[in-house]
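# Chains, contacts and geometry: an overview
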Amino acid sequence: MMPMRDAILRNFYPSGDFRARVLLDLMRARWLILWRWIILLAAIGLIMVDRVVLPGANRPAGVLVCAGLLGLANVVWIILHRQVPIPVAPAMPGPDILTSVAILTNAQMIVDLLLLTVMLRFTGGVENPLVVFYLFHVVLAAQLLRSLNAMVQGAAALVLYSTVVVGEWAGWLTPHYSFLPTVAGLRLHEDGASVLAAIGALAVAISGCLLSMMRISFHLDAQERTLEQTHRHLTASYQAIQKMQAQRARFTWTAAHQLKSPIAVIQTLAALVRDGVATGGQIHDVAERIIRRCASGIEQVSELLTLARIEQNTPDRHVSAQTNVETILLKLHVRFAEPALAKGVTLSAPVVERSSFIDPCERKSAERDAIDAAQGELYAPCPHPSLRVAVDDRDLEDCLGNVLDNALKYTPAGGAVTVSIVPNARDIDVRIADTGIGIAEESYAELFEPFRRGQTALKAGVPGSGLGLAIVKEVFDQAGGRVAVQSKVSEGTTIVLSLPRAKECA
Amino acid sequence: MSAERILVIDDDPDVCDALKMILEPAGYRVACCSTGPEGVARLHAEPPDLLLLDIMLSTPSEGFHIAYEVRQDEQLRDMPIVMISAIGKKMGMDYARELGSDYMPVEDFLEKPLTAEAVRRVVRQTLDRRGRDASCATGSDSARAEN
């Protein structure tokens, strides 16, 4: 039974509720207690005025007892308030404190209702215009309490008032105390129609107040939730921007270092010649190194510019792209064939692996081939029109070129690099496999980070900017592609680039 | 007297070769490692008299992590370390401070581009300082033993 009881209690005020915040602020300021003191002083003042204005009026002792009970109750509330540790604003307390606050407020309002009803009983019942205090009470309940609690308070007000006026009319509650004892013949409490009208009027007023005030509260709650959600989003955005700025600063720092490195090495090598440290045959070797480092510095700057270009462009350019992946790979094959031959690495031409999937574009293309053959046109091997992907052609050439370049760089003489295209239902996979030095598993996570180079690559002493795969990652993040790496040290690496198909086929 | 041994951990083969060209004619035995793990393994296998350590290896701070690891090692903790990097001494120290004060226990800092004169001077001074510290420690031990 306890969990259900806890769940019900916790439901009084879920954290973040606008009404809970308002109520907590009022509790912090002891607002209800303060108002009760003011009402008590006003009641005492009215009793004294009553004695002066209406010296003959014989008010019952219940009026003073009621005022005394209000003061006593207020002292009890002050003591109970101190038992509830409400944190300083704007901190929100936990559900237990919120539940205590809600129970304490409900209890105070019910006791206030009882005392108001007793006061009405001793000061005229149905004749007393102070019945409007019930409405003040209900408005407050609708603003501060949850809907069900507010409705209970409204119903309690109506039941208590009805008990007094019906009791006096029916003769259960006697004697009747006039509101104005000096004015004779009013005797509304004996008139059933007046009693019914008073109860009906109060019922309508309470319902109207509850419905309108609850609607306002709901609206304010919704606004508060929207504001809180917006605040959360803004905070998250601000944190993301801060993180991005920190990453950008780190990147600039690293980039500056990486650009300074080749220049520093060139200066170091030149100083070896100038200072006579390098002599004889070493001078030619040092000069060769200087030329090579100049070339690698230029390559690094070019890759940085490529990365900057890709980051600067909007990802939208990929959505409408219709890049034929086979065309790009054939172009790259021509570019890398000579360096591969010079290094003694076999670079195979891209091969399209047929899968069981046949897409509509492919069927259309096959039909066109059949028509061409029927018309007796010369058929030359050309890129398959169905192999179109939604990646910008220049970016795709940079990415595939970087992966192929890496495959060739890290494959020793006698090795092989193979390229294949595997069309799938949603993507087109490009597999670039080499029989090179491989990548250590611990380097996988940082492989695509700018300026990070794997341990095996460093050990092999192969120069590189550490930007090639960072460019691939940036492009694939933008275009919605995926990159998978399979590798074994000393056996080779296969990189599978899954490219999203172009939206419409030509 | 055998030649003093220097281990260079730097991922740039040109820097390693340049340091060999500078230091070997001056009478030092120089060995090079291009990765952190390879360098650490070598440190344990053949502890050198001096470690020349690049900061940015496979990660931008790997050099500092290696220096920290060396200082935590019972066998290697007294080995002098000279950092070499293109980021400069001040920035290097700022960077090390970001990682934590434990990452700064290096004897000196050599900024790239390197010159033969600066490399030889810093290496000599560091080794001499190390030698003096070692003899002081031995002297005080002997004095303590005599007492």
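Bear in mind the structure is a predicted one, so any value in this text is a computation, not a measurement. (Residues numbered from 1 in each chain as written. Chains lettered and ligands numbered in written order. Predicted model: local features only at pLDDT ≥ 70, side-chain atom pairs only at ≥ 80, totals over all residues.)

### A look at the overall build of chain B
When you go through chain B residue by residue, the secondary structure sums to 5 helices and 5 strands. Sequence-ordered secondary structure for chain B, helices as α and strands as β, is β-α-β-α-β-α-β-α-β-α. In chain B, buried positions account for 41% of the 147 residues. The contacts in chain B between residues at least 6 apart in sequence include a share of 65% that link residues at least 24 apart. (Helix = DSSP H or I, 4+ residues; strand = E, 2+ residues; numbered from the N terminus. Buried ≥ 20, exposed ≤ 12 C-beta atoms within 10 Å, placed from the backbone. Contact = placed C-beta atoms within 7 Å.)

### Observations concerning the interface of chain A and chain B
Taken together, the contact between chain A and chain B spans 24 residues of the former and 24 residues of the latter. Among the elements of the structure, helix 8 (192-274), helix 9 (281-312) and helix 14 (455-460) of chain A are those that each provide at least two residues to the side of chain A that touches chain B. The residue inventory of the side of chain A that touches chain B, partitioned by class, reads 8 nonpolar, 9 polar and 7 charged. (Nonpolar A, V, L, I, M, F, W, Y, C, P; charged D, E, K, R; others polar.)

### Regarding the confidence of the model for chain B
Residues and elements named next belong to chain B. Confidence in the prediction for chain B averages 84 pLDDT; 82% of positions are at 70 or higher. Looking over chain B, one finds the lowest element-wise mean pLDDT in helix 4 (residues 89-99), namely 69, and the highest in strand 1 (residues 5-9), namely 96. In this model residues 143-147 is a low-confidence stretch, pLDDT under 50, and it forms 0 contacts with partners more than four residues away in sequence or in other chains. Taken together, the chains of this predicted complex give a pTM of 0.56 and an interface ipTM of 0.84. (pLDDT = per-residue confidence, 0-100.)

### Focus: the sheet that holds strand 5 (residues 108-111) of chain B
Residues and elements named next belong to chain B. On the basis of which strands lie adjacent, the open sheet formed by 5 strands has the order 2-1-3-4-5 and parallel pairing. Because the sheet does not close on itself, it has two edges, and the strands there are strand 2 (29-33) and strand 5. The sheet shows a mean angle of 20 degrees between the axes of neighbouring strands, taken without regard to direction. Here strand 4 (residues 81-85) pairs with strand 5 via 4 bridges, running parallel. Looking at strand 5, one finds that Met 83 is bridged to Phe 109. The sheet contacts of helix 1 (residues 13-23) involve strand 1, strand 2 and strand 3 (50-54), and relative to strand 2 the element is tilted by about 175 degrees. This element, helix 3 (residues 62-72), spans strand 1, strand 3 and strand 4 of the sheet and lies at about 150 degrees to strand 3. (Pairing = 2+ DSSP bridges. Axes fitted to C-alpha atoms, helices over the stretch in contact; angles between N-to-C directions.)

### Here we look at the nonpolar core
If you look at the biggest cluster of nonpolar residues, it comprises 49 residues, and the most contacted ones within it are Leu272(A), Ile6(B), Val8(B), Leu19(B), Leu52(B) and Leu53(B). Counting residues per element, this core draws most heavily on helix 1 of chain B, at 7 residues. Contacts of Leu52(B), omitting those with residues within four sequence positions, involve Ile6(B), Val8(B), Leu19(B), Val82(B) and Ile84(B). Counting 44 residues, the second largest nonpolar core, distinct from the first, contains Val430(A), Ile439(A), Phe451(A) and Ala479(A). (Core = buried A, V, L, I, M, F, W, Y, C linked by C-beta atoms within 7 Å.)

### Observations regarding helix 2 (residues 36-45) of chain B
For an α-helix the count is 3.6 residues per turn, leaving residues at separations of three or four pointing the same way. Residue and element names in this part refer to chain B. Those residues of helix 2 lying buried are Gly 36, Gly 39 and Leu 43. Axial view of helix 2: buried residues confined to an arc of 65 degrees, hence all on one face. Facing away from the buried side of helix 2 by more than 90 degrees, the exposed set consists of Ala 41, His 44 and Ala 45. As for helix 2, its buried residues are in contact with strand 1, strand 2, strand 3 and helix 3. (Arc of directions from axis to C-beta.)

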